[in-house]
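# Descriptive structure summary
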Amino acid sequence: MFQFIFRRLSLVVPTFIGITLLTFTLIRLIPGDPIEVMAGERGVSAERHAELSAQLGFDQPLYVQYFRYVGGVLQGDLGNSLITKEPVMKEFLTLFPATIELAFCAAVFAILVGLPAGIFAAVKRGTVLDHSVMTFSLTGYSMPIFWWALLLMLVFSVTLGWTPVSGRIDVVYWIDDVTGFMLIDALLSDEVGAFRSAVAHLILPSIVLGTIPMAVIARMTRSSMLEVLSEDYIRTARAKGIAPWRVIIIHALRNALIPVITVIGLQVGILLSGAILTETVFAWPGIGKWLIESIGRRDYPVVQGGILIVACIIITVNLLVDIAYGIVNPRIRHSK
Amino acid sequence: MSSQTVTAPIPKTPLQEFWHYFSTNKGAVAGLSFIVLICFMAIFADFVAPHSPSQQYRDALLLPPAWLQGGNWSFVLGTDDVGRDILSRLIHGSRLSISVGIVAVTASLIMGILLGLIAGYFKGMIDTMIMRIVDIMLAMPSLLLAIAIVAILGPSIVNAALAISIVSLPHYVRLTRAATMAEMSKDYVTSSRVIGAGPLRLMFICILPNCLAPLIVQATLGFSTAILDMAALGFLGLGAQPPTPEWGSMLSDALQFVQRAWWVVTFPGLMILITVLAFNLMGDGLRDALDPKLKQ
């Protein structure tokens, strides 16, 4: 077991080096001199240029610059934003809870809808129910989510007025930032109706962000269930006279879930990149919106740092999924 | 005595056999029909579209679709905030989406096949290196990587297409490598080698044709990803720049009129959805028709 975990961990090191190389090169590929880019339109004098160059280490050879950069990254130092002058890490940490909250609710929605839909489709194979679940999931899978967001907003916020248009909570509430998670903070605060408002603000963005993962989970659950349902042991269980729902839930689902859990874990990448679009449409103050705004403002340290952190999160989650898969499935663990 | 002639059934050509399996999948045929339609629209956009995509009719701003009150049959799907015909812009937009799809898929297919063949054929050190790079690329969400690439190169259609072809590269490399490795151990490759075929001949003439099936499926699905990513980049202002009629940027241009004129955002999005859906349906159909295991 430990050997397996160690083997997977050792594969992460080159990937990490590759990603730091990528983000390191990224900022050097920008046309023009980085210091002039930083200074903006005003420009800098020659002395100031040399001074800044020495200060930022641009006068050093490239490999020295790279090792300095990785050294900083390993200590959590991703440089400062050119606009706010705040450390990138600090900005990231204040915005990240909003994205986690959104991604978590989207994942819950995707699992709560996708899993039962996939099970029903598999059990009722070939029926109208199966076909409609499959049609819906393929449509969801093909959905341009920024448009889906606008459409839902148009119907439920603008026309029906059921949900708020954007943001995390109504402006009338002043919620103290305790955990950064609006749902928890709203509950902790004494404001009446704050929690309700926070939930209302979360509904549409979660549905939008959860749509593609939901479709993927439904498709995967269906095909995995179909495979398991044709196994001999299921026939045996049925022959023994076990209740049909018990065969499906206890006997089939448990084995069918193994690949589904892997797929759920792999949705983290989709959730994080989908968050860029969802947050932009719903003015959700998370890292997706932060990254896009930074690109617009040419705030390169933020872009560089943000991409690095997101990539690291995804590598970590993929690693955990792999290890979890190895724990539940010995065939993976012992293969070379 | 009656003479009865018995003729052996004529064996189907591979193409006929493929069409036999493909045409049983109604969704795939529907997808294919829509793709043919949209390609036709893209090629003949100048003749099909009722108006020029950039012509601004100043007396017809934000006109609703024809079947609604206040609509006008010369602007079937209505007009946008500067009086441009939405239908004509959608038709011209299909030209852009289809050509970006073709460019991005072809570029990543060629690069992916090359790298995958090299990795699978030579194995060892070079394989490890290529696959490590592929793993790094796969660790990044494709849209994020594409955004990063466009952020550096600057927003334009060409850069967006380049970014999309780079981010879809890993899938083709992995598929080609896996298929190459499976073919390498087969007898026909060994016998060609014994006859004296060189590495290039083995790679491109012996092995590659036998790896094509999964690549065709992936390329079809790659089209849907390319169109979706292109629209997303356009929506974020990182793809086509105004006034180019591109579906994603048409959406973002119209954002401020959402509340007054639903049609300016509904139709471009619907167009993206149906096109992407069509490619996904066709990809699923191709996968079933080309996978010999499912034929039985």
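Numbering of residues starts from 1 in each chain and follows the order in which that chain's sequence is written. Chain labels run from A onward and ligand labels from 1 onward, assigned in the order the entries are written. In keeping with the predicted nature of the model, local features appear solely for residues at pLDDT of at least 70, side-chain atom pairs appear and are counted solely at 80 or more, and the whole-chain, interface and lining totals rest on all residues. As a rule here, side-chain values cover all heavy atoms of the structure and leave hydrogens and water aside.

## A few points about the overall build of chain B
- Put simply, DSSP marks the helices as runs of H or I at least four residues long and the strands as runs of E at least two long, and each gets a number from the N terminus on. Within chain B one finds 13 helices and 0 strands.
- In chain B, the succession of helices and strands from N to C terminus is α-α-α-α-α-α-α-α-α-α-α-α-α.
- Referenced to the eigenvectors of the C-alpha coordinate spread, the extents of chain B come out at roughly 75 × 75 × 25 Å.
- Within the span of chain B, comprising 296 residues, buried residues form 51% of the whole.
- Pairs of residues are marked as contacts when any of their non-hydrogen atoms sit within 4.5 Å. Contacts in chain B between residues at least 24 apart in sequence constitute 70% of all its contacts with a sequence separation of at least 6.
- Only the protein chains shown count as cover for residues, and all accessible areas are computed by the Shrake-Rupley method using a 1.4 Å probe. Summing over all exposed atoms, chain B offers an accessible surface of approximately 14100 Å²; the carbon and sulfur share of this is 67%.
- Under this rule, positive means Lys or Arg and negative means Asp or Glu; His and the chain ends count for nothing. Throughout, a charge is located at the NZ atom of Lys, the CZ atom of Arg, the CG atom of Asp or the CD atom of Glu. Across chain B, the centroid of the 17 positively charged side chains sits 8 Å from that of the 16 negatively charged ones. Burial classification: accessible surface area is computed with a 1.4 Å probe over protein chains only, and a residue below 20% of its type maximum counts as buried, one above 50% as exposed, and the rest as partly exposed.

## A look at the overall build of chain A
- Secondary structure summary: chain A contains 14 helices and 0 strands in total.
- In chain A, the succession of α and β elements from N to C terminus is α-α-α-α-α-α-α-α-α-α-α-α-α-α.
- In chain A, buried positions account for 47% of the 336 residues.
- In the form shown here, chain A has an accessible surface area of approximately 17400 Å², with 66% of it arising from carbon and sulfur atoms.
- Side chains of chain A give 25 positive and 24 negative charges; the mean places of these two sets differ by 16 Å.

## Some details on the UniProt feature "transmembrane region" (unreviewed entry) in chain A
Residues and elements named next belong to chain A.
- UniProt positions are given in the numbering used here, feature names are shortened, and annotations may be inferred rather than shown by experiment. When the UniProt feature table is mapped to this numbering, "transmembrane region" (unreviewed entry) covers residues 12-30, 95-123, 144-163, 198-218, 256-287 and 307-328.
- Regarding residues 95-123, the helix share stands at 100% and the strand share at 0%, and the terminal C-alpha atoms are separated by 42 Å.
- Structurally, residues 256-287 comprises 88% helix and 0% strand, and the distance from its first C-alpha atom to its last is 34 Å.

## Examining helix 9 (residues 199-207) of chain B
All names here are of chain B.
- Among all positions of helix 9, only Leu 202, Met 203, Cys 206 and Ile 207 are buried. Looking straight down helix 9, one finds that the buried residues subtend no more than 120 degrees of arc, so they occupy a single side. The exposed residues of helix 9 that point more than 90 degrees off its buried face are Leu 200 and Ile 205. Working definition: the arc comes from the directions between the helix axis and the C-beta atoms, pointing outward to the latter.

## A few points about the UniProt feature "transmembrane region" (unreviewed entry) in chain B
All names here are of chain B.
- According to UniProt, the feature "transmembrane region" (unreviewed entry) maps to residues 28-48, 98-122, 143-168, 188-208, 215-240 and 260-283 in the numbering used here.
- A distance of 26 Å separates the end C-alpha atoms of residues 28-48, which is 95% helix and 0% strand.
- The annotated region residues 143-168 carries 88% helix and 0% strand content, and the separation between its end C-alpha atoms amounts to 10 Å.

## A few points about the interface of chain B and chain A
- The partner chain A presents 38 residues to the 34 residues of chain B that form the contact.
- Two parts placed together each lose some accessible area under a 1.4 Å probe, and the buried area is that loss summed for both. At the boundary of chain B with chain A, total buried surface from both sides reaches about 3200 Å², with 84% on carbon and sulfur atoms.
- Only one rule defines a salt bridge in this text: a Lys or Arg side-chain nitrogen within 4 Å of an Asp or Glu carboxyl oxygen. For the pair chain B and chain A, the interface holds 1 salt bridge.
- Asp 284 of chain B is the salt-bridge partner of Arg 219 of chain A, the closest N and O atoms lying 3.2 Å from each other.
- In protein, a polar contact requires one atom able to donate a hydrogen and another able to accept it; more generally it is a pair of N or O atoms within 3.5 Å, and residues adjacent in sequence count only if both atoms are side-chain atoms. Counting across the chain B and chain A interface gives 4 residue pairs in polar contact (both at pLDDT 80 or more).
- Every element with two or more residues in the side of chain B that touches chain A is listed here: helix 5 (124-139), helix 6 (142-153), helix 10 (212-235) and helix 12 (263-290) of chain B.

## Remarks on empty space enclosed by the protein
- Computed over the protein atoms alone on a 1 Å grid, cavities are sets of points where a 1.4 Å probe fits but cannot get out and pockets are open sets with protein on both sides within 12 Å along at least five of seven lines; a residue lines them when it has an atom within 4 Å of a point. Grid points are joined across faces, edges and corners, and a volume is the space filled by probe spheres set on the points. With the rule as written, the count across this model stands at 3 cavities of 30 Å³ or more.
- Taken together, Asp 80, Asp 81, Arg 84, Ile 86, Arg 89, Met 250, Asp 253, Ala 254 and Val 264 of chain B form the lining of the largest cavity.
- Residues are sorted three ways: Asp, Glu, Lys and Arg are charged, Ala, Val, Leu, Ile, Met, Phe, Trp, Tyr, Cys and Pro are nonpolar, and all the rest, Gly among them, are polar. Across the lining of the largest cavity, the residue classes tally to 4 nonpolar, no polar and 5 charged.
- Considering only enclosed or pocket space, the second largest cavity measures out at about 40 Å³ in volume.
- Along the walls of the second largest cavity sit Leu 272, Ile 276, Ile 287, Gly 288, Leu 291 and Val 310 of chain A together with Leu 144 of chain B, which together make up its complete lining.
- By residue class, the composition of the lining of the second largest cavity is 6 nonpolar, 1 polar and no charged.

## Topic: the pattern of salt bridges
- Inspection of the entire model under this criterion finds 14 salt bridges over all chains.
- In this structure, Lys 289 of chain A engages Glu 293 of chain A in a salt bridge whose closest nitrogen and oxygen atoms are separated by 3.3 Å. Remark: Glu 293 of chain A and Lys 289 of chain A occur in helix 12 (residues 287-296); sequence separation between them is 4 residues, near one turn of the helix.
- The closest approach of N and O atoms between Asp 284 of chain B and Arg 287 of chain B, which form a salt bridge, is 3.7 Å. Residue Asp 284 of chain B and its partner Arg 287 of chain B are located together in helix 12, separated by 3 residues, close to a single helical turn.
- Residue classification places Arg 287 of chain B among the partly exposed residues on the basis of a relative accessible area of 38%.
- Each of Arg 219 of chain A together with Asp 284 and Arg 287 of chain B takes part in salt bridges that share partners, so that together they form one network.

## Observations concerning the UniProt feature "domain: ABC transmembrane type-1" (unreviewed entry) in chain B
- The UniProt feature table records "domain: ABC transmembrane type-1" (unreviewed entry) at residues 94-283 of chain B.
- Between the C-alpha atoms that bound residues 94-283 of chain B there is a distance of 19 Å. The span itself is 82% helix and 0% strand.

## As for the packing of helix 5 (residues 88-123) of chain A against helix 13 (residues 300-328) of chain A
Residues and elements named next belong to chain A.
- Interaxial distance between helix 5 and helix 13 falls to 10 Å at its minimum, and their mutual angle equals 55 degrees. Our classification of the angle between helix 5 and helix 13 gives oblique. The two elements helix 5 and helix 13 cross, and the hand of that crossing is right-handed. Touching Val 88, Met 89, Glu 91, Phe 92 and Phe 96 of helix 5 are Pro 301, Val 302, Gly 305, Ile 309 and Ile 313, all from helix 13.
- By residue class, the composition of the contact of helix 5 with helix 13 is 8 nonpolar, 1 polar and 1 charged. For every element, the axis is a line fit to its C-alpha atoms; helices are fit only across the contacting stretch, and the angle between N-to-C directions ranges from 0 to 180 degrees. Throughout, the term roughly parallel applies to angles under 35 degrees, roughly antiparallel to angles over 145, roughly perpendicular to angles from 65 to 115, and oblique to all others. Note on convention: near helix rotated counterclockwise from far helix by under a right angle means a left-handed crossing. Clockwise means right-handed.

## Things to note about the domain arrangement of chain A
Residue and element names in this part refer to chain A.
- The split of the chain into domains comes from an automatic or database domain assignment. Each domain of chain A was delimited in the assignment, giving domain 1 (1-75) and domain 2 (93-300 + 309-332).
- Put simply, the middle of domain 1 and the middle of domain 2, counted by C-alpha atoms, are 34 Å apart.
- Buried area between domain 1 and domain 2, summed over both chains or domains, comes out near 1000 Å², and the portion from carbon and sulfur atoms is 85%.
- If you look at where domain 1 meets domain 2, you find 1 salt bridge.

## Remarks on a negative patch on the surface
All names here are of chain A.
- A cluster of acidic residues, Asp 176, Asp 177, Asp 190 and Glu 191, forms a negative patch on the protein surface.
- Mapped onto the elements of the fold, Asp 176 is located in the loop between helix 7 (145-159) and helix 8 (182-188).
- Overall, the relative accessible area of 53% leaves Asp 176 in the exposed class. Only residues whose relative accessible area exceeds 30% and that form no salt bridge are eligible for patches; like-charged ones are grouped when within 9 Å, while nonpolar side chains (Val, Leu, Ile, Met, Phe, Trp, Tyr) are grouped when within 5 Å.

## What to know about the environment of His 51 of chain B
Residues and elements named next belong to chain B.
- Checked against the element boundaries, His 51 lands in the loop between helix 3 (45-48) and helix 4 (86-122).
- Note: C-alpha distance between His 51 and His 92 (41 residues apart in sequence) is 10 Å.
- Excluding residues within four positions of it along the chain, His 51 makes contact with Tyr 57, Ser 74, Phe 75, Asp 85 and Ser 88.
- Of the polar contacts made by the side chain of His 51, one reaches the side chain of Tyr 57; its length is 2.8 Å.

## Here's the deal with a nonpolar patch on the surface
- Together, Ile 100, Phe 104, Val 108, Leu 112 and Val 113 of chain A give the surface a local cluster of nonpolar side chains, amounting to about 440 Å² of exposed area.
- Within the element layout of this structure, Val 108 of chain A appears in helix 5.

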